[in-house]
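Chain by chain, the residues run as shown.
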Amino acid sequence: MIVHLIDGTYELFRQFYGQRRFNGGKDKPFGAVVGVLHSILEMIEQGATHLGVATDHVIESFRNDLWPGYKTGDGIERVLRAQFGPLEAALAAMGIVVWPMIELEADDGLASAARLAAADERVEKVCIWANDKDLAQAVRGDRVVQVDRRGMQIRDAEGVRKKFGVDPRLIPDFLALVGDAQDGYPGIAGIGAATAGRLLNRYGPIEEFPPNVLGNERDRALLFKDLATLRTEAPLFGDVDDLAWRGPTADFANWVERLGDPRLLERSRNAPVAR
């Protein structure tokens, strides 16, 4: 089987701002939710049988206690934020396994789910549908891959090396050195992508750098590495069969009425279920 793991928060943002380009600024209350549901139904229609969606139930996580500049939910538009909860509930009603993350982030949830799924010998491939750079660390050979939504690129371990210049296992070290503006930490001054790749390929992880390489910045680099390192121990499911899509629940009709798109119900009832 192929397991598909989806970043629900990214999908919600993608649908919201994608629709805004065409709606003249008149955002529909559940427009982004409807878009995500149709997108996942399309995956099922194209053959996906085992799926899980991780969401940021809240944007803040334990990382905010480690670094004061780490990303928060400040600045998220009210009409978008109001769709976080309905997305989780509507997905569950549609029969999709959802992991709303609170202390951890959606990326931690995806990394944890990927580890659990890959441990099952029945799983041929795990596809992580997420754009965040830090999820490149979850890639394993050509068995656990990252699907970049922007260019629909499938990135295996060789693809990670080609894009970042380092192996997947060194992505936390790479991000610690160059920083991640989206997550809110700056990296180490004077170290860009090329220098980071050269150092990591020569010495290995930051812990193995000679003392003179980072000097007084070593502790700061290790802190940033901690921020960039995804947690993989979340006990999200016990068996990969738990991710099989069996069709919508009885409650989905109520959600479809609330969302105002009857096509969702018809489409979900006609979509093939896992055997």
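Our subject is the structure that appears above.
A few points on the structure. Computed from a prediction, not measured in an experiment: that's the story for all the values here. (Residues numbered from 1 in each chain as written. Predicted model: local features only at pLDDT ≥ 70, side-chain atom pairs only at ≥ 80, totals over all residues. Heavy atoms only, no water.)

The sheet built from six strands is open, its strands ordered 3-2-1-4-5-6 with mixed pairing. At either margin of the open sheet sits one strand with a lone partner, and together these are strand 3 (97–101) and strand 6 (153–155). Averaged over all pairs of adjacent strands, the angle between strand axes in this sheet comes to 20°, irrespective of strand direction. As paired strands, strand 1 (residues 2–7) and strand 2 (residues 50–56) are joined by five bridges and run parallel to one another. Bridging from a neighbouring strand, Ile6 pairs with Val53 of strand 2. Across the sheet, helix 2 (residues 31–45) is in contact with strand 1, strand 2 and strand 4 (125–129); its angle to strand 2 comes to roughly 160°. (Pairing = 2+ DSSP bridges. Helix = DSSP H or I, 4+ residues; strand = E, 2+ residues; numbered from the N terminus. Axes fitted to C-alpha atoms, helices over the stretch in contact; angles between N-to-C directions. Contact = heavy atoms within 4.5 Å.)

Inspection of helix 9 (residues 193–203) places Ala196, Gly197, Leu199 and Leu200 among the buried residues, and these make up the whole buried set. Along the axis of helix 9, the buried positions cluster into a sector of 165°, meaning they face one direction only. Turned more than 90 degrees off the buried face of helix 9, the exposed positions are Ala194, Arg198, Asn201 and Arg202. In this fold, the buried residues of helix 9 make contact with helix 8 (171–178) and helix 10 (211–214). Positive phi shows up at Gly204, right after helix 9, with a value of about 90°. (Buried < 20%, exposed > 50% of the residue type's maximum accessible area, 1.4 Å probe, protein only. Arc of directions from axis to C-beta.)

Attention shifts here to the pairing of strand 5 (residues 144–148). Across the five residues of strand 5, five count as buried, placing the element largely inside the fold. Taking every second residue as pointing to the same face, both faces of strand 5 are buried, with Val144, Gln146 and Asp148 on one and Val145 and Val147 on the other. In this structure, strand 4 lies alongside strand 5, joined through four bridges in parallel fashion. Residue pairing for strand 5: Cys127 is matched across the bridge by Val145.

Looking now at the pairing of strand 4. Buried residues dominate strand 4, accounting for four of its five residues. Direction of pairing for strand 1 relative to strand 4: parallel, over a ladder of five bridges. Within the sheet, the bridge partner assigned to Leu5 lies in strand 4 and is Ile128.

Between helix 12 (residues 252–259) and helix 13 (residues 263–270), the shortest axis-to-axis distance is 8 Å and the interhelical angle comes to 145°. Listed contacts from helix 13 to Phe252, Ala253, Val256 and Leu259 of helix 12 are Leu264, Leu265 and Ser268. Considered class by class, the residues forming the contact of helix 12 with helix 13 number six nonpolar, one polar and no charged. (Nonpolar A, V, L, I, M, F, W, Y, C, P; charged D, E, K, R; others polar.)

Glancing now at the packing of aromatic side chains. One pass over the full model with this rule turns up eight aromatic pairs. Geometrically, the ring pair formed by Phe13 and Tyr17 is tilted, given 6.4 Å between the ring centres and 40° between the ring planes. Here Tyr17 and Phe13 lie together in helix 1 (residues 8–20), a separation of four residues that amounts to about one turn. Ring centres 5.7 Å apart and planes at 55° place the aromatic pair Tyr203 and Phe209 in the tilted group. Residue class for Phe209 comes out buried when judged on its relative accessible area of 6%. Taken together, the ring pairs in this structure connect Phe13, Phe16, Tyr17 and Phe84 into an aromatic cluster. It is Lys163 that lies over the ring of Phe164; its NZ or CZ is 5.6 Å from the centre. (Phe/Tyr/Trp six-rings, centres within 6.5 Å; stacked < 30°, edge-to-face > 60°. Lys NZ or Arg CZ within 6 Å of the ring centre and 35° of its normal.)

Of all eight residues in helix 8, seven are buried; the element is thus mostly enclosed. Looking only at helix 8, the buried set comprises Ile171, Pro172, Asp173, Phe174, Leu175, Ala176 and Leu177. On its buried face, helix 8 sits against helix 7 (157–164), helix 9, helix 10 and helix 11 (218–228). Downstream of helix 8 by one or two residues, Gly179 has phi in the positive range, about 85°.

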